[in-house]
Amino acid sequence: MKTGNAMILERQEHTSPAESVDEKLPIVCEGSVRRSKRKKEIARANHELEVRLFGKPFLRFANAQSLRYLVQVGFLLLTLWIGFEFVQFVNWAEAGGPGEPIARPQGVEAFLPISALISLKYWILTGVVNNIHPAGLVIFLSIVGISLVVRKAFCSWICPVGFVSESLALVGEKVFGRNLRVPRWLDYPMRSLKYLLLFFFLYTIFWGMNEVALKVFIYSPYNRVADIKMLKFFQGISPTALWTIFILAVLSIFVKHFWCRYLCPYGALLGLVGFLSPTKVTRNIPSCIDCELCTKACPAQIAVHKAKTVQSDECTSCLSCVDACPVADTLYLSVKKTRPLSPVRAAWAIVLILPLFMFLAKVTGNWYNAVSSQEYIHRVQEIHSPKYEHNRGQVPVEQDQFHQSGGD
Ligand code: SF4
Ligand code: SF4
């Protein structure tokens, strides 16, 4: 004869994750006083969230995923808006700047991460925030700041590429019933690709460029219009680049977060920075019923059900595991493994760090660049000339480039 507890244990060991919770709870609810005590322990988790503004209820969400989705959509719209404004600005400059001036959105510098890394080293060496792409450096630092607080949350809450990648995986799941998992023996070496790319950029910039080389690059004609060059790259995209994007998109339909998991050097950097963050997904082992729903829900394929705290560099603080956990107070974000951090507070941190950095940059005069509209109008006319090309980081220089607007 098996005792009630033995039955419970047996059921936990042999049920599949998909059926486990709903199967387990009724068993626990039956019978003896000991079982009803167990029933109290297994209080069903309520994942509803309320966002309060000035102490008053403002928005309600079914769970952290709905809140995250709203934040993702918000940042995607912001990105599209910045893109739209930038196209307007470039069109205006190409037309010779007729009528009312159109302002260049500084936020476009978010798309110049290599220039931001160069600016970072230059800032570290000289204490000067260069005034060619200051916003790029500020945005980069704010993203690193987000990672110091809530790990790689930028990837799953803000990054438009991450959002598109996640949406493609969702399409794959809907159409084919599931996403594919790269076998572990292949997954590990493929994940290291993004670190190799990151190492390449860090090595080239932090080891390979001295102060003079950094200054030459920063004030070069190429870097002054690097944002416009990027726009021109996409407007006249080559078949090779288009095919590459297409292949990555198709792979992302079948394999969750293909680009982010295997190739994105930015994500690699944030994963490493995230190790310094005190915020981690934490599992309360005594109340955990080992249903494995958290692991099943994790898009980063982390074995959450085995961890006391999730340490993996792949964790993006997406909170899918937290939402999947059926037991109250069992899986949550916590600061230094002790203080639980509610998803709403985590979301506030994620959303507010960027504007906070932006505000500080504006106050200290490090947000707007010093390239004048007249200079943009002049340079955009000759943007296809060789002086705006670069060859593996080597850029043509202009005689007086350090004395033009923006030279420090
Ligand atoms: S461990 Fe949880 S928070 Fe981290 S990536 Fe997996 S599901 Fe998201
Ligand atoms: S932490 Fe994971 S395994 Fe434990 S109860 Fe929650 S979902 Fe199930």
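Our structure is the block above this text.
Along each chain, numbering runs from 1 in the same order as the chain's sequence is written. Lettering for chains starts from A, numbering for ligands starts from 1, and both go in the order in which the items are written. Restriction of local features to residues with pLDDT of at least 70 applies here, the model being predicted, together with a cutoff of 80 or more for giving and counting side-chain atom pairs; totals for whole chains, interfaces and linings are based on all residues. Side-chain measures were taken over the full set of non-hydrogen atoms in the model, leaving aside hydrogen atoms and water.

## So, the site of ligand 2
Now for step 1: Residue proximity to a molecule or strand is established when one non-hydrogen atom of the residue lies within 4 Å of it. Looking at ligand 2, the residues that line it are Arg 283, Cys 288, Ile 289, Asp 290, Cys 291, Glu 292, Cys 294, His 305, Cys 325, Pro 326, Val 327 and Thr 330.
Now for step 2: Residue polarity follows a fixed list, in which Ala, Val, Leu, Ile, Met, Phe, Trp, Tyr, Cys and Pro are nonpolar, Asp, Glu, Lys and Arg are charged, and the others, Gly among them, are polar. Among the residues making up the shell around ligand 2, the classes are represented as 7 nonpolar, 2 polar and 3 charged.

## Notes on helix α5 (residues 113-126)
Because an α-helix packs 3.6 residues into every turn, residues spaced three or four apart end up facing the same way.
Now for step 1: Over its 14 residues, α5 runs 20 Å from end to end, which matches the ideal 20 Å to within 8%, given 1.5 Å per residue.
Now for step 2: For every residue, the accessible area obtained with a 1.4 Å probe (protein chains only) is divided by the maximum for its type, and the residue is called buried under 20%, exposed over 50%, and partly exposed between those limits. Secondary structure elements are taken from DSSP: a helix is a run of H or I of four residues or more, a strand is a run of E of two residues or more, and numbering for both begins at the N terminus. Within α5, burial applies to Ser 115, Ala 116, Leu 117, Ile 118, Ser 119, Leu 120, Lys 121 and Tyr 122.
Now for step 3: Throughout, a contact is declared for two residues whenever any of their heavy atoms are within 4.5 Å. Of the surrounding secondary structure, the elements contacted by the buried residues of α5 are α6 (134-150), α9 (184-207), α10 (211-218) and α11 (221-224).
Now for step 4: Backbone geometry just after α5 places Gly 127 at a positive phi near 80°. Here the expected span of a helix is defined as 1.5 Å times the quantity of residues minus one.

## Things to note about helix α13 (residues 239-254)
Now for step 1: Over its 16 residues, α13 extends 23 Å from the first C-alpha to the last, a length consistent with the 22 Å expected when each residue adds 1.5 Å.
Now for step 2: Regarding α13, the residues found buried are Ala 241, Leu 248 and Ser 252. Down the axis of α13, the buried side of the element spans an arc of 40°, and every buried residue falls inside it. Exposed positions of α13 whose direction lies more than 90 degrees from the buried face are Pro 239, Thr 240 and Trp 243.
Now for step 3: If you follow the buried residues of α13, they end up packed against α8 (160-176), α12 (226-235) and α14 (258-263). This arc describes the spread of directions from the helix axis toward the C-beta atoms.

## Describing the packing of α6 against helix α15 (residues 265-274)
Now for step 1: Here the axes come from fitting lines to C-alpha atoms, over the contacting stretch only for helices, and the angles between their N-to-C directions go from 0 to 180 degrees. Running from N to C, α6 and α15 cross one another at 45°; their axes reach a closest spacing of 8 Å. In terms of orientation, α6 lies oblique with respect to α15. Like other packed secondary-structure pairs, α6 and α15 cross with a definite hand, here right-handed. Two secondary-structure elements touch here, α6 through Phe 140, Ile 143, Val 144, Ser 147 and Leu 148 and α15 through Tyr 266, Leu 269, Leu 270, Val 273 and Gly 274. Convention used here: angles under 35 degrees read as roughly parallel, angles over 145 as roughly antiparallel, angles from 65 to 115 as roughly perpendicular, and any remaining angle as oblique. Handedness of a helix crossing follows the sense of rotation of the near helix relative to the far helix, less than a right angle counterclockwise being left-handed and clockwise being right-handed.

## As for the packing of aromatic side chains
Now for step 1: Here a pair means two rings of Phe, Tyr or Trp (six-membered ring of Trp) with centres within 6.5 Å. Their orientation is stacked below 30 degrees between planes, edge-to-face above 60, and tilted elsewhere. Scanning the model with the defined rule gives 15 aromatic pairs in all.
Now for step 2: With 5.9 Å between their ring centres and 40° between their planes, Phe 140 and Tyr 266 make a pair best called tilted. Here Phe 140, found in helix α6, pairs with Tyr 266, found in helix α15; they are 126 residues apart in sequence, far enough to count as distant.
Now for step 3: Taking the relative accessible area as the measure of exposure, Phe 140 reaches 5% and is therefore buried.
Now for step 4: The buried category is assigned to Tyr 266, whose relative accessible area is 18%.
Now for step 5: A connected cluster of aromatic rings, assembled from ring pairs, spans Phe 86, Phe 89, Trp 92 and Tyr 376.

The values are spatial; any link to function lies outside them.
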